[in-house]
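# Observations on chain architecture
Residues per chain, in single letters:
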Amino acid sequence: MRMWARKLKQISAVVLMIAAVGVFFLIFAAIVIAILVKGLPGLSLDLVTKLPESGLYLGGGGGVLNAIVGSLLVGFGATVLALSVSLPLVLFINLYLRRGARLAEAVRFSLDVLWGVPSIVYGACGVAVMLAVGMRGSLLAAVVVVALIEVPILSRAFDEVVRLVPRELDEAVLSLGASLRTLAFRVVLRAVLPGLVTAALLAFGRGIGDAAAVMLVAGYQDGIPANPLEPVATLPLAIFFLVSTPGAQARGYAAGMVLVLLIVFFSLFSRYVGKRLSSHRIGD
Amino acid sequence: MPGRAALRRASFASPRSLLDSGERALLGTLACALVLLPFVIGGGLLMAARGLLATKTVAELFAPDSWNPMRGRITYLPFLIGTLWVTGLAVLIALPLSLAVAVYASEYAPRRFGAVLKPAVDVVAGLPSVIFGLWGVALIVPVTGYNILAAAFVLAVMIMPIIIQIAMEVFSAVPPSLREAAFALGATRFEVVNRVVLKKSRPGLVAASVLALARAFGETLAVMMVIGGAQKGRLPQGPLDQADTLPTLIANRYGEMSSVPLVSESLLGAAFILFLVVVGFTLVSRVVLARVKRGME
């Protein structure tokens, strides 16, 4: 092939790629700008500090405090529950089993599969169980189902960090006569704490953003649940209902802004905490 | 690691070994339970839906019919076709764009570009689906209307981060020596990318797209917000038609689960189909990806 033809191909490929990069950043900017432009007019102090009054969805007064608190409750409960499964699980497969153990590989594979299962399927499972035992949509059901969604996210992120801990550390600790429990929960856990916090906040972000599963199992109410067996509202669903209602669209976008701000806040917070906690970090 | 095994054996006789073995059994049970969980989910959904198979054959469940459980008419076909339209179009839109971005970032651009791109991709990947739905309602729907195309655009944006992230990993697994050899033969950068890097990463890129497809297949709320919905499960005629997908079928009708006969069984059956397809996709892509990484090391 002639040299100029090859050069031409080279140049046009670069132009096309830069165009693609431009489109990607344009989409990214469009998401931010659309939420800002559409959300700002509907944003008010009432929106985040008041419970819905009658007719909020028809353009009446009140806010979505019930949904904000509900999302935080579901996200927090689910993350604590997921943490109490993921933390021992990941330490077990990394430290109690020998390297490359079948069980450890099976757990990782299962986590991969569970990670891919869509939220709506977890929700359907939850509904199936609830119908069988005659339970209605509740905060408790939402916490359990969202915890199931979070376990693979949290475990996989935590596993990546624990795997990076140098093996020499195990030998040094065990040769001092410490038990595996001491090694896992007092030495390694301390070394990977920043990674654990980041993983937990990642899962928390997924938890408060989840909509499909929560829609099926959480029910919905205009108040804040007084006990775990009451139904609970969440922010994504409140946004969905508001935007689907012609008179309340502006508030839907504003509530969307609140959700994005919450998620951005928690992801910045996780970075900050990660840095603060990294004083115990070993190796890199 | 003989060292740790030996150490463990040496402490076997100590008084605390009893406590240790109890704790080991407990943790082992937890791990086994997690391995069994996918089987429990799949098996449980199938069991819950088995009443449907007692009244309908599999062929009837995928026959061109309308959705009217009140009259005992149940078919998955319109929803399956809706899902295929939406996910297929989404991957068609997202794949070339994402690949171009990934190739540019890993083969052409200076390192600094990656430092800008990665956080942007992470942010988009971390946004909840309702935000993509909002974006779709605000910017896509005014142009396209509520239909399959709008849902495909929204989904395309949602899966772009997945494809970009995995594609960049796959590209970085291609040994630099291969690129250097091609450069040494006088190839231009485009030729190196086209004939060496892309060729070598093809299986990995297929896996990335399959994983993205799996993600799109199960997406619910964002799709629900822009796709419009089909009346009585009419078969979608084209990309400009309104439709329903398997996930939106479940999300729209779960309220009828305890009141209308067979709805519970048929919705849990839809969840089972979703589970099966998504798990299949995930398994295939993970196996291919693991093989690709091992083969290149």
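This structure is a prediction, so every number in the text was calculated from the model and none was measured.

### Let's talk about the domain arrangement of chain B
Residue and element names in this part refer to chain B. In terms of domains, chain B is made up of domain 1 (2-55) and domain 2 (69-296). Contacts between the two partners involve ten residues from domain 1, matched on the other side by ten residues from domain 2. For the pair domain 1 and domain 2, the two sides together bury roughly 790 Å², of which 87% comes from carbon and sulfur. It is Leu 45, Ala 48 and Leu 52 that lose the most area in domain 1 upon contact with domain 2, and together they represent 56% of the buried surface on that side. Across the side of domain 1 that touches domain 2, the residue classes tally to seven nonpolar, three polar and no charged.

### Quick notes on the interface of chain B and chain A
Counting residues at the interface gives 78 residues for chain B, matched by 79 residues for chain A. Summed over both sides, the interface of chain B with chain A buries roughly 6900 Å², with 79% coming from carbon and sulfur. Across the pair Arg 6 of chain A and Glu 191 of chain B runs a salt bridge whose closest N-O atoms are separated by 2.7 Å. At the junction of chain B and chain A, the tally comes to ten residue pairs in polar contact (both at pLDDT 80 or more). Of all the elements, helix H2 (residues 17-55) of chain B adds the most residues to the side of chain B that touches chain A, at 15 residues.

### Points about the pattern of salt bridges
Two side chains carrying opposite charge are able to pair once their charged atoms lie near each other. Residues and elements named next belong to chain A. By the definition in use, this model includes ten salt bridges over all chains. With its nearest N and O atoms 2.6 Å apart, the salt bridge here joins Arg 108 to Asp 159. Taken together, the positions of Arg 108 in helix H4 (residues 102-116) and Asp 159 in helix H6 (residues 139-163) put the pair 51 residues apart, joining distant regions of the chain. Judged by relative accessible area, which is 6%, Asp 159 ranks as buried. What you see here is one network of salt bridges that share partners, running through Glu 105, Arg 108, Asp 159 and Arg 163.

Cut-offs and rules
- Residues numbered from 1 in each chain as written.
- Chains lettered and ligands numbered in written order.
- Predicted model: local features only at pLDDT ≥ 70, side-chain atom pairs only at ≥ 80, totals over all residues.
- Heavy atoms only, no water.
- Domains from an automatic or database assignment.
- Contact = heavy atoms within 4.5 Å.
- Buried area = accessible area lost by both parts, 1.4 Å probe.
- Nonpolar A, V, L, I, M, F, W, Y, C, P; charged D, E, K, R; others polar.
- Salt bridge = Lys/Arg side-chain N within 4 Å of Asp/Glu carboxyl O.
- Polar contact = N/O pair within 3.5 Å; in protein donor to acceptor, adjacent residues only side chain to side chain.
- Helix = DSSP H or I, 4+ residues; strand = E, 2+ residues; numbered from the N terminus.
- Buried < 20%, exposed > 50% of the residue type's maximum accessible area, 1.4 Å probe, protein only.

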